[in-house]
Amino acid sequence: MNIDEIFDFTSFNIDREPHIVLDAGVCVECDSRGCTNSCPARCYTWNEEERKMTFVHDGCLECGTCYVVCQRKAFTRWRYPRGGFGVAYRMT
Amino acid sequence: MSRSFQAIVVGAGPAGSSAALTMARAGLDVALVERGSFPGEKNMFGGVLHRLPSLEKIFPDFWERAPLERHIVKKGVTFMTGDSSFNTTIEAGSFDRPPFNGYTIFRPRFDRWLAEEAVKAGATLITRASVDEVLQSDGQVTGVTILDRKGALKAPVVVAADGVLSFTALKAGLRRPSFDPGQMAVGVKALIDLESDLIDERFGLVREQGFANEFVGCTAGVRGGGFLYTNYDSLSVGLVFHLASLKGSGKTPYDLLNAFLEQPQVAKMVRGGRLQEYSAHLIPEGGYDMIPELYGAGILVAGDAAALCNATGLNLEGINLASQSGVLAGEAAIAAHKARDFSRKGLSIYKSLLDESYVMKDLKSYRRAPQMLHNNRIYNEYPELVCSLMEQLYRIEGTPKENLSKLFLKAARDKVGLKNLAADGFSAWRAL
């Protein structure tokens, strides 16, 4: 299983308006960045050279991991997608 | 447009639909609010539904009506290292007869069915509705608003059954604003298709019999475990990690899942299958000590939202507790309507009902289990100890054999340390 191909096997109805908004400036100061390894969908990537956190909500499985592991309260918004949007499980 | 109901249930999962079904059957006008485009669309779990006494009361022929995959006749535990595994299985005749002890299910089918039963009983299902605000007046919850929709849903009692992060409970002031990663686990799962005949032969099953296996030692030292469950013509294979341990390890869930699927003994079980779906979800694993305020003025909290999950190490029970708590929340709301008292005191009957039920009794009995399971040795050293001991017992070297107790002491000293062994034995005995 290649996590980069998540859209090949899990269905999403992507909302253009993100349900999670990250203040990535806060992540620069974070000494753990546990979101980058803990997120099961690899929505968070840290670029050490540019010292920059990137968050993409498209493949979010709405599991809640980042909400719990973030120790810096870096979210300016953390809610579930609007009704009808987001991940759509078929047979899990 | 605003609408008034006699009760609002937030979340059409097992807790919410059980609550809505209970109230609708008693004649209450209930709204069942679900953020997915259908109930179950957002819901994920390992795959085994334990027996649901709460629903068997409502549906005596539950196993005939509910959309189930296979009933579990065989349960196994595997202690695993990178290239060896030691298995124990129990297959019981009684597991093969109704009332069955557990089933594999798909949540998008099962949750949808249960919500539809609530609708048949008279509940109003509102889908694609993500609850935004919890309305309060003088500290009394009076209803909710829906994101991107005008107006409000009003009711004298709201059941928060909106899952593990329960923003409804948060907004009503019933849960703490942040969670402890030490009390949470995350599960990831690969749904792998495999022909039903192949599953029957590979796992020694006939008819619609199912097999549920748990694994320990398969998480590269991260606290957690694995599972493999047989659906009708697919397998649910996944891992569960304690969040604090995963976070600190720097390892990723999908890399660990791939390694698990490639472990030689697991690889044989999934061979020929194709990945159909990948999913993930949090599990409130803190047990009794994690439970938030269960009720307030005009509000009750049920299921994962109330952290009603029992992780004993062998079983991971959630949906059965969710459904039972949902039924009891429904009964509490019915009693409040009869007494016309929706105050905190009026709804406190919910806590009494829960305390008397197996839900709270089990969570209290296993109160120490979550702490016991925080012992890192369980996930690495012990599986290695078991596998190496068994391997040595069976190995023929052409030299005289050592006796069993010597072998055991030597392996235990090597892998775990005798002091640790004694301490861990004591803590496991106390916890279980």
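Residues numbered from 1 in each chain as written. Chains lettered and ligands numbered in written order. Predicted model: local features only at pLDDT ≥ 70, side-chain atom pairs only at ≥ 80, totals over all residues. Heavy atoms only, no water.

## Remarks on the overall build of chain A
Then comes step 1: For chain A, the count of helices and strands is four helices and six strands.
Then comes step 2: When the elements of chain A are put in sequence order from the N terminus, they spell out α-β-β-α-α-β-β-α-β-β.
Then comes step 3: The C-alpha radius of gyration computed for chain A amounts to 13 Å, which stays within 12% of the reference 12 Å derived for 92 residues, consistent with globular compactness.
Then comes step 4: If one aligns the C-alpha atoms of chain A with their principal axes, the spans along those axes are about 40 × 30 × 20 Å.
Then comes step 5: For chain A, the residues scored as buried account for 54% of the 92 residues in total.
Then comes step 6: About 4300 Å² of surface is accessible on chain A, with carbon and sulfur atoms providing 45% of the total.
Then comes step 7: In chain A, 11 positive and 13 negative side-chain charges are present, and the distance between their average locations comes to 6 Å. (Helix = DSSP H or I, 4+ residues; strand = E, 2+ residues; numbered from the N terminus. Rg over C-alpha atoms; globule rule 2.2 N^0.38 Å. Buried < 20%, exposed > 50% of the residue type's maximum accessible area, 1.4 Å probe, protein only. Areas by Shrake-Rupley, 256 points an atom, 1.4 Å probe, with all protein chains shown as cover. Lys, Arg positive; Asp, Glu negative; His and termini not counted. Charge placed at Lys NZ, Arg CZ, Asp CG, Glu CD.)

## Digging into the domain arrangement of chain B
Residue and element names in this part refer to chain B.
Then comes step 1: Domain annotation of chain B identifies domain 1 (3-69 + 105-176 + 292-356), domain 2 (181-284) and domain 3 (371-431).
Then comes step 2: Taking only C-alpha atoms into account, the centre of domain 1 sits 29 Å from that of domain 2.
Then comes step 3: Facing 16 residues of domain 1, the contacting portion of domain 2 comprises 21 residues.
Then comes step 4: Between domain 1 and domain 2 lies a buried interface of about 1400 Å² when both sides are counted; carbon and sulfur atoms form 69% of it.
Then comes step 5: Linking domain 1 with domain 2 are zero salt bridges, by the criterion used here.
Then comes step 6: Summed over the shared surface of domain 1 and domain 2, the number is three residue pairs in polar contact (both at pLDDT 80 or more). (Domains from an automatic or database assignment. Contact = heavy atoms within 4.5 Å. Buried area = accessible area lost by both parts, 1.4 Å probe. Salt bridge = Lys/Arg side-chain N within 4 Å of Asp/Glu carboxyl O. Polar contact = N/O pair within 3.5 Å; in protein donor to acceptor, adjacent residues only side chain to side chain.)

## Brief notes about a negative patch on the surface
Then comes step 1: A cluster of like negative charges, contributed by Glu195, Asp197, Glu201 and Asp233 of chain B, occupies part of the molecular surface.
Then comes step 2: By secondary structure assignment, the location of aspartate 233 of chain B is in the loop between strand S15 (224-230) and strand S16 (234-242). (Patch = residues over 30% accessible without salt bridge, like charges linked within 9 Å, V, L, I, M, F, W, Y side chains within 5 Å.)

## Quick notes on the sheet that holds strand S12 (residues 158-160) of chain B
All names here are of chain B.
Then comes step 1: The mixed open sheet is built from six strands, whose spatial order is S8-S3-S2-S12-S19-S18. The open sheet has two free edges, formed respectively by strand S8 (124-126) and strand S18 (295-296), since each of these has just one partner strand.
Then comes step 2: Alignment of strand S3 (residues 30-33) against S8, held across three bridges, turns out to be parallel. The partner of leucine 32 across the bridge, within S8, is leucine 125. (Pairing = 2+ DSSP bridges.)

## Comments concerning empty space enclosed by the protein
Residue and element names in this part refer to chain A.
Then comes step 1: Tallied over the entire structure, the rule returns five cavities of 30 Å³ or more.
Then comes step 2: Put simply, the largest cavity is a space of about 130 Å³.
Then comes step 3: What lines the largest cavity is a set of 18 residues, among which Cys27, Cys30, Arg33, Cys35 and Cys70 lie closest to the centre.
Then comes step 4: Elements that contribute at least two residues to the lining of the largest cavity include exactly helix H2 (24-29), helix H3 (34-38) and helix H4 (65-69).
Then comes step 5: Broken down by class, the residue content of the lining of the largest cavity amounts to 12 nonpolar, three polar and three charged.
Then comes step 6: Approximately 100 Å³ is the volume attributed to the second largest cavity.
Then comes step 7: As for the second largest cavity, its lining consists of 15 residues, of which Cys39, Cys60, Leu61, Cys63 and Cys66 are closest to the centre.
Then comes step 8: Its residues assigned to classes, the lining of the second largest cavity shows 12 nonpolar, two polar and one charged. (1 Å grid on protein atoms, 1.4 Å probe; cavity = no way out; pocket = protein on both sides within 12 Å on 5 of 7 lines; lining within 4 Å. Points joined across faces, edges and corners; volume = space filled by probe spheres on them. Nonpolar A, V, L, I, M, F, W, Y, C, P; charged D, E, K, R; others polar.)

## Examining the environment of proline 156 of chain B
Residue and element names in this part refer to chain B.
Then comes step 1: In this fold, proline 156 is placed in the loop between strand S11 (153-154) and S12.
Then comes step 2: Given the relative accessible area of 27%, proline 156 is considered partly exposed.
Then comes step 3: Look past the residues within four positions of proline 156 in its chain and what remains in contact with it is Phe5, Gln6, Gln140, Val141, Gly298, His337 and Phe342.

## Comments concerning the interface of chain B and chain A
Then comes step 1: If you look at the interface, chain B gives 49 residues, while chain A gives 38 residues.
Then comes step 2: For the chain B and chain A pair, buried surface summed over both sides reaches about 3700 Å², with 58% attributable to carbon and sulfur atoms.
Then comes step 3: For the pair chain B and chain A, the interface holds four salt bridges.
Then comes step 4: Residue arginine 90 of chain A pairs with glutamate 277 of chain B through a salt bridge whose shortest N-O separation is 3.5 Å.
Then comes step 5: Listed by contribution, the elements that provide at least two residues to the side of chain B that touches chain A are helix H4 (107-120), helix H5 (167-171), strand S13 (184-193), helix H7 (243-249), helix H8 (253-262) and strand S17 (274-284) of chain B.
Then comes step 6: By residue class, the composition of the side of chain B that touches chain A is 26 nonpolar, 11 polar and 12 charged.

## Things to note about unusual backbone geometry
A negative phi angle is the norm for most residues apart from glycine, just as the trans form is the norm for most peptide bonds.
Then comes step 1: Cis geometry marks the peptide bond from proline 98 of chain B to proline 99 of chain B, where omega comes out at -5°.
Then comes step 2: One non-glycine residue with positive phi stands out, namely arginine 340 of chain B, at about 50°.

## Here's the deal with the nonpolar core
Then comes step 1: Ile8, Val9, Met23, Phe62, Phe110, Leu300 and Tyr350 of chain B are the most contacted members of the largest nonpolar core, which totals 77 residues.
Then comes step 2: Tallying contributions element by element places helix H10 (residues 319-339) of chain B first for this core, with nine residues.
Then comes step 3: The contact partners of leucine 300 of chain B, leaving out residues within four places of it in the chain, are Val157, Val158, Val159, Ala160, Leu294, Tyr295, Ala329, Ala332, Ala333, Leu347 and Tyr350 of chain B.
Then comes step 4: One finds Ala41 and Tyr44 of chain A together with Val186 and Leu239 of chain B within the second-largest nonpolar core, a separate group that totals 70 residues. (Core = buried A, V, L, I, M, F, W, Y, C linked by side-chain atoms within 4.5 Å.)

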